Amino acid sequence: MITVQEAEKLILDSIGEIETETVSIDAALGRCLREPILADRALPPFDRATLDGIAINSSSYNTGQRKFKVAGTAPAGAVQQELPDVKSCLEIMTGAPLPRLADCVVKIEDIEIKNDIAHLPDGLQLDFHTAVHSQGSDAKAGKELLAPQRLVTAKEIAIAASVGKSELVVSKSPHIAIVSTGDELVSIDQVPEPHQIRRSNDITLAAALKSSGFASVELVHIADDQEQIETKLRELMTRCDSLILTGGISKGKYDYIPETLAKLGVSIRFQWVSQRPGKPMWYGQFSRDGNRLPVFALPGNPVSCFTCLRRYAIPALEKWVGLPKSQPVYAKLEHDLTFKPELTLFLPAVADPRPSGELWVKPALFNTSGDFVSVAQTDGFIELPKARKVFPEGEAFQFYPWPR
């Protein structure tokens with residue numbers, strides 16, 4: 001068996017970078033940006049008023065003038081105007097271009113207008129560009145506003161739209177097949193016999209992947225028949241970008257997955273990891289069109305399966321599409337723990353954020369790696385390293401939130 005850290009390194013070191021594609025801006029949400037976004041002009045493109053009021057020349061006020069003739073109105077969206085002289089003013093709306101000869105804006109609350117004369121009180125602090133968003137103060141033309149390798153969220157969409165990018169170069173969204181095997185499994189709309197259980201792993205994994213930004217997911221179930229498994233996996237490898245299998249990878253008589261993957265030319269990187277839950281975990285790659293495509297074969301027990309997806313598969317897929325590695329989250333144990341086996345322990349836990357800003361966790365008790373009911377009451381799992389046996393209250397360890 002290899003360690004958790006060795007398994008993580010083998011996976012991440014072998015993951016390349018998926019191809020790009022150009023999509024419309026309204027289809028880019030949740031993708032990884034793969035091109036720089038540049039300012040097509042200065043931002044803002046003109047000196048703009050930041051509030052409603054009047055536009056004046058500050059030198060007139062600062063030399064004693066308190067009454068200004070209102071010469072007109074400058075609305076947002078209109079071309080830039082000009083003061084008739086520095087002794088007059090224009091009413092101005094938020095977002096409108098600052099008129100020529102004006103250099104500041106006086107907010108409407110400080111003004112009283114009677115008979116087209118704006119009266120200003122003493123004591124205002126008016127300087128050059130007071131209440132003015134200066135041209136180019138956010139960015140000069142040509143400046144990089146967004147670097148590649150970042151998730152496209154609403155704020156990235158806003159920036160791209162502001163510079164006229166109706167299309168964006170993003171990472172291709174991989175098509176992932178989730179494959180479950182087992183004669184004991186029936187679909188969720190069936191009434192199981194006493195010896196059967198409803199399929200849940202594949203649906204759980206699909207939901208976790210979609211909530212993590214991987215929307216193109218296909219569910220496939222195959223009976224415990226080696227020939228059927230080989231035929232279906234061969235077909236999936238011709239059109240899917242990644243395979244995630246659940247079950248059939250241990251040492252049982254009907255665990256055909258490792259042997260079949262090897263027969264299909266999938267190169268194995270590892271099969272056993274010194275961890276609990278999830279010891280029988282398999283990872284490899286297959287080649288197509290010059291690309292190395294990932295295959296994750298996860299344990300069949302629900303908790304093991306879900307944990308391994310979160311710990312290994314999702315971070316690997318995120319790297320594959322170009323996203324930066326997420327920052328680790330650490331949490332402190334609420335009570336002492338002892339774990340004697342020479343394995344890394346992934347322990348489901350309930351998060352307890354404190355007013356101090358610290359995150360504490362309360363480890364949850366669960367029966368076995370099939371006890372998904374208890375795990376559903378938790379917020380993630382804490383990783384306790386294998387080199388230790390005693391884990392004291394208050395010590396911090398890495399915490400992995402479940403996908404939402």
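The notes below deal with the structure included here. Values in this document were obtained by computation on a predicted structure and should not be read as measured data. (Residues numbered from 1 in each chain as written. Predicted model: local features only at pLDDT ≥ 70, side-chain atom pairs only at ≥ 80, totals over all residues. Heavy atoms only, no water.)

On to the overall build of the protein chain. A tally of helices and strands in the protein chain yields eight helices and 30 strands. The C-alpha atoms of the protein chain give 31 Å as radius of gyration, which overshoots the globular expectation for 404 residues (22 Å, by more than 25%). Along the longest, intermediate and shortest principal axes, the C-alpha atoms of the protein chain span 95 × 50 × 40 Å. Per-residue burial for the protein chain yields a buried fraction of 46% across its 404 residues. Across the protein chain, the fraction of contacts at a sequence separation of at least 24, relative to all contacts at a separation of at least 6, is 70%. (Helix = DSSP H or I, 4+ residues; strand = E, 2+ residues; numbered from the N terminus. Rg over C-alpha atoms; globule rule 2.2 N^0.38 Å. Buried < 20%, exposed > 50% of the residue type's maximum accessible area, 1.4 Å probe, protein only. Contact = heavy atoms within 4.5 Å.)

The next thing to look at is the packing of aromatic side chains. In this structure the tally under the stated criterion is seven aromatic pairs. Seen in terms of ring centroids, Tyr-283 and Phe-296 are 5.1 Å apart; in terms of plane orientation they differ by 40°. Their pairing is tilted. With Tyr-283 in strand S22 (residues 282-288) and Phe-296 in strand S23 (residues 291-298), this pair connects stretches of sequence that are 13 residues apart. Between the NZ or CZ atom of Arg-66 and the centre of the ring of Tyr-61, over which it lies, the distance is 3.9 Å. Sitting above the plane of the Tyr-312 ring, Arg-311 keeps its charged end 5.5 Å from the centroid. (Phe/Tyr/Trp six-rings, centres within 6.5 Å; stacked < 30°, edge-to-face > 60°. Lys NZ or Arg CZ within 6 Å of the ring centre and 35° of its normal.)

Following the sequence through the fold, Ala-297 ends up in strand S23. Note on Ala-297: relative accessible area 0%, which makes it buried. Each C-alpha atom, one on Ala-297 and one on Gln-271, is 8.7 Å from the other, the two residues being 26 residues apart in sequence. If near-sequence neighbours (up to four positions away) are discounted, Ala-297 is found in contact with Leu-245, Ile-249, Ile-257, Pro-280, Met-281 and Trp-282.

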